[in-house]
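# Structural features, examined
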Amino acid sequence: MLSELTVAELVHETALGTPVPGGGSLSAMAAAAGAALTQMVAGLTAGRKQFEAVTPEMNELAEKARCLRTDLLADMDRDAAAYTAVMDAFRLPRETAEEKNHRTDAIQRATREATRVPLAVAEKALEVMMLAGTAVAKGNPNAMSDGAMGAMLARAALQGALFNVKINLQGIQDEAFSTQLRTRAAILETRAHELETAILSEINL
């Protein structure tokens, strides 16, 4: 599993010049790191006397961040598996008409899945951004830089995941599917931009 590699191993594997792991898996990793930093800020806030008023909110935030972190780490492998399936589909035989039709169908199915996975990563990254924004605004100010970093990692992860969505949609023949996912991607981009602006306005460093 990619998430079980050391940092050095993951960086090495990414640098090898093979398609997997690539931007999709590392987008999921960046969002997971953002969730971890957000959880960290919550942990440095909850239970301290001066932050007693926000302790329940910080405890809830920490649990949400933990769940997202776990799921996003699993998305590293989901993304790699989805793209591997696309490559496998392209390698199918195409000598006969039947083989060609089977290959085309397999490519389309695999590419749709390879589009759904990064879209889900982008949606989770947006959730991380929202949690990080709360951590920045209400959390321990001594950890504000950590919360800010968590938000920006999630922001980069969201954009990276949407890049993958868009490039994979270029190979989709189903117009209804493409339109639906492009619409969802556009909504995510707009919301991420709004959140980024709001979070940056809260950072006083």
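If you're wondering where the values come from, they're calculated on a predicted model, not measured in any experiment. (Residues numbered from 1 in each chain as written. Predicted model: local features only at pLDDT ≥ 70, side-chain atom pairs only at ≥ 80, totals over all residues. Heavy atoms only, no water.)

A separate point is the overall build of the chain. Scanning the chain from N- to C-terminus turns up 6 helices and 0 strands. Traced from its N-terminal end to its C-terminal end, the chain shows the element sequence α-α-α-α-α-α. By principal-axis analysis of the C-alpha atoms, the chain measures approximately 75 × 35 × 25 Å. Evaluated residue by residue, the chain yields a buried proportion of 43% over its 205 residues. Partitioning the contacts of the chain with sequence separation of at least 6, the portion at a separation of at least 24 is 77%. For the chain, the computed accessible surface area is about 10600 Å², with 56% contributed by carbon and sulfur atoms. Distance between charge centroids for the chain: 2 Å, based on 20 positive and 26 negative side chains. (Helix = DSSP H or I, 4+ residues; strand = E, 2+ residues; numbered from the N terminus. Buried < 20%, exposed > 50% of the residue type's maximum accessible area, 1.4 Å probe, protein only. Contact = heavy atoms within 4.5 Å. Areas by Shrake-Rupley, 256 points an atom, 1.4 Å probe, with all protein chains shown as cover. Lys, Arg positive; Asp, Glu negative; His and termini not counted. Charge placed at Lys NZ, Arg CZ, Asp CG, Glu CD.)

Our focus in this paragraph is the nonpolar core. Grouped together as the largest cluster of nonpolar side chains are 46 residues, with contacts concentrated most on Leu72, Leu158 and Leu162. The element that contributes the greatest number of residues to this core is helix H4 (residues 97-138), accounting for 10 residues. Once residues within four sequence positions are removed from consideration, Leu72 is found in contact with Ala28, Ala31, Ala32, Val121, Lys124 and Val128. Counting residues in hydrophobic clusters, the runner-up holds 5 residues, among them Ala82, Val86, Ala110 and Ala114. (Core = buried A, V, L, I, M, F, W, Y, C linked by side-chain atoms within 4.5 Å.)

Relative orientation of the contacting elements H4 and helix H5 (residues 144-169) amounts to 160°, with a least axis distance of 8 Å. Here H4 lies roughly antiparallel to H5, going by the angle between them. Remark: the crossing between H4 and H5 carries left-handed chirality. Here the residues of the contact of H4 with H5 are counted per class, giving 21 nonpolar, 6 polar and 1 charged. (Axes fitted to C-alpha atoms, helices over the stretch in contact; angles between N-to-C directions. Parallel < 35°, antiparallel > 145°, perpendicular 65-115°, else oblique. Left-handed = near helix turned anticlockwise from the far one by under 90°. Nonpolar A, V, L, I, M, F, W, Y, C, P; charged D, E, K, R; others polar.)

The subject of this paragraph is the environment of Asn140. In this structure, Asn140 sits in the loop between H4 and H5. With relative accessibility at 5%, the residue Asn140 sits in the buried group. Sequence separation between Asn140 and Arg94 is 46 residues; the distance between their C-alpha atoms is 60 Å. Those residues in contact with Asn140 that lie beyond four places of it in its chain are Val41, Leu44, Thr45, Arg48 and Phe51.

The next thing to look at is the pattern of salt bridges. Between side chains of opposite charge, a pair can form as their charged atoms come close. Applying the stated criterion to the full structure yields 13 salt bridges. In this structure, Glu123 and Arg184 form a salt bridge, with 2.7 Å as the shortest nitrogen-oxygen distance. Taken together, the residues Glu123 in helix H4 and Arg184 in helix H6 (residues 175-202) connect sequence positions 61 residues apart. Take Glu123: its relative accessible area is 29%, and that puts it in the partly exposed class. The class of Arg184 is partly exposed, set by a relative accessible area of 34%. Through salt bridges with shared partners, a single ionic network connects Asp71, Asp75, Arg78 and Lys124. (Salt bridge = Lys/Arg side-chain N within 4 Å of Asp/Glu carboxyl O.)

Scope: geometric values only; no functional claims are made or implied.
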